[in-house]
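# Structural features, examined
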Amino acid sequence: MINKTHTTKDIEELYHKMDRPAKRIGFVPTMGSLHRGHVSLIRQAKAENDLTVCSIFVNPKQFNQSADYDAYPRNIEKDVALLEEEGCDIVFIPSETTMYPQPVDLSLNFGHLESVLEGKYRPGHFNGVGIVVSKLLHMTQPDRVYFGQKDLQQVAVVRHLVDALSFPVEVITSPTVREPEGLAYSSRNVRLSAKGHQEALIFSHSLQSAATLLSNGKPLKEVKAEIQSNFEQNPAATLEYMELVNRDTFEILHYQDKNIPIPQALCIAGEVEGVRLIDNILLDQH
Ligand code: AMP
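As a starting point, this report considers the structure included with it.

## Looking at the site of the ligand
- Close to the ligand lie 17 residues; Met-31, Gly-148, Asp-151, Val-177 and Tyr-185 are nearest.
- Taking His-38, its side chain carries an N or O atom lying 2.9 Å from an oxygen atom of the ligand.
- Within the backbone of Tyr-185, an N or O atom sits 2.8 Å from a nitrogen atom of the ligand.
- Starting from 490 Å² of accessible surface for the ligand in isolation, the protein chains cover 93%.
- Elements with a contribution of two residues or more to the shell around the ligand: strand 2 (25–30), helix 2 (36–48) and strand 5 (144–148).
- Looking at the shell around the ligand residue by residue, the classes come out as eight nonpolar, seven polar and two charged.

## Comments concerning helix 4 (residues 76–85)
- Among the residues of helix 4, those classed as buried are Asp-79, Val-80 and Leu-83. Along the axis of helix 4, the buried residues cluster in a sector spanning 95°; they form a single face. Of the exposed residues in helix 4, those oriented more than 90 degrees away from the buried face are Glu-77, Lys-78 and Glu-85.
- Its buried side turned inward, helix 4 meets strand 1 (3–5), helix 2, strand 3 (51–56) and strand 4 (90–92).

## Here we look at the packing of aromatic side chains
- The final tally for this structure, using the stated rule, is five aromatic pairs.
- With centroids separated by 6.2 Å and ring planes inclined at 50°, the aromatic side chains of Phe-57 and Tyr-100 adopt a geometry described as tilted. Here Phe-57 is found in the loop between strand 3 and helix 3 (66–71), whereas its partner Tyr-100 is found in the loop between helix 5 (96–99) and helix 6 (112–115), with 43 residues between them in sequence.
- Look at Phe-203 and Phe-231: their rings are 5.3 Å apart centre to centre, the planes differ by 55°, and that puts the pair in the tilted class. Here Phe-231 lies in helix 12 (residues 220–233) and Phe-203 lies in helix 11 (residues 201–215), a separation of 28 residues in the sequence.
- Of the residues examined, Phe-203 reaches a relative accessible area of 3% and is grouped as buried.
- Through a chain of ring-to-ring contacts, the aromatic side chains of Phe-63, Tyr-69 and Tyr-72 assemble into a single cluster.
- Of note, Lys-61 hangs over the ring of Tyr-100, and the distance from its end group to the ring centre comes to 5.9 Å.
- The lysine or arginine in question, Arg-74, covers the ring of Tyr-69, its NZ or CZ lying 4.7 Å from the ring centre.

## Details of the packing of helix 11 against helix 12
- Viewed as axis vectors pointing N to C, helix 11 and helix 12 meet at an angle of 155°, and their least axial separation amounts to 10 Å. Considering the angle they form, helix 11 stands roughly antiparallel to helix 12. For the pair helix 11 and helix 12, the sense of crossing is right-handed. Facing Ile-202, Phe-203, Ser-206, Ser-209, Ala-210, Leu-213 and Leu-214 of helix 11, the residues of helix 12 in contact are Leu-220, Val-223, Glu-226, Ile-227, Asn-230 and Phe-231.

## Thoughts on the side chain of Thr-176
- Along the polypeptide, Thr-176 turns up in the loop between strand 6 (170–174) and helix 10 (194–199).
- Taking the relative accessible area as the measure of exposure, Thr-176 reaches 18% and is therefore buried.
- At a separation of 3.1 Å, a polar atom in the side chain of Thr-176 contacts the main-chain amide nitrogen of Lys-150.
- Those residues in contact with Thr-176, other than ones at most four positions away along the chain, are Gln-149, Lys-150 and Ala-184.

## A look at the pairing of strand 9 (residues 264–272)
- With respect to burial, strand 9 is a largely interior element, eight of its nine residues being buried.
- Alignment of strand 7 (residues 237–246) against strand 9, held across nine bridges, turns out to be antiparallel. Bridge pairing in strand 9 places Leu-239 opposite Gly-270.
- In this structure, strand 9 lies alongside strand 10 (residues 275–283), joined through nine bridges in antiparallel fashion.

Definitions and limits used
Residues numbered from 1 in each chain as written. Predicted model: local features only at pLDDT ≥ 70, side-chain atom pairs only at ≥ 80, totals over all residues. Heavy atoms only, no water. Near = heavy atom within 4 Å. Polar contact = N/O pair within 3.5 Å; in protein donor to acceptor, adjacent residues only side chain to side chain. Areas by Shrake-Rupley, 256 points an atom, 1.4 Å probe, with all protein chains shown as cover. Helix = DSSP H or I, 4+ residues; strand = E, 2+ residues; numbered from the N terminus. Nonpolar A, V, L, I, M, F, W, Y, C, P; charged D, E, K, R; others polar. Buried < 20%, exposed > 50% of the residue type's maximum accessible area, 1.4 Å probe, protein only. Arc of directions from axis to C-beta. Contact = heavy atoms within 4.5 Å. Phe/Tyr/Trp six-rings, centres within 6.5 Å; stacked < 30°, edge-to-face > 60°. Lys NZ or Arg CZ within 6 Å of the ring centre and 35° of its normal. Axes fitted to C-alpha atoms, helices over the stretch in contact; angles between N-to-C directions. Parallel < 35°, antiparallel > 145°, perpendicular 65-115°, else oblique. Left-handed = near helix turned anticlockwise from the far one by under 90°. Pairing = 2+ DSSP bridges.

Spelled out as structure tokens, the structure:
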């Protein structure tokens, strides 16, 4: 039976009963509307720890558009049933007043990470992520915390946060889980029509073909132009960016130099049917 908790006190009482000091805790923060991507994080946490905790909280602070927050899918009962089926030990479902009993007048600045890609397109987003992740880590006190590679820049932000503020937790990144045709699972996918779902494949397909073209030696500038032109021919999907980056620092790379061993990723973002989608692919290190 999964244990449902809503406050820090609930968690403390449970930890006491469960002999927390003798246990390794793996924590998976989510915004709910759980899908196979989340399930894979839960399974990894379960395999690597004694107890698994999952939080479900749609964090208003990380939405830079209130319409996006309002439209965000919510499905608590189904989520709890799925977590129970997966053998998750504790689900933490705080209310907004539990998370924010008073306004948090605090700005976290993640430097360069704030000015590129998601930082640039979603001003304030990473500040909200940093605040909620800090609070959740204090409340759940995990040994390990799990994040999906799907949100690669978020992983860089969280690693920066954990290092800078000395959180005693290990950050683990888990691979992106995709539908058979390539679309990365995302809670936002439920807002796409069947047609939009098909059209959204352009994102993962663009990443795949860009990776192949680059590995065949095509210059990055030409690869980007080709992807851009594919989007122009598919007006159902709009491209915000596709960039090659250093996946640790998110420095934008303007050409691919195979002689320099930089851990690289191609990151893409855009919209279909008013739904914002992001994806990325890690490139082999040379
Ligand atoms: P969210 O509920 O969207 O905030 O996501 C919660 C966690 O699940 C984050 O660490 C995400 O990166 C991760 N996640 C979301 N989608 C996927 C996916 N398709 N594959 C792997 N992890 C994912």
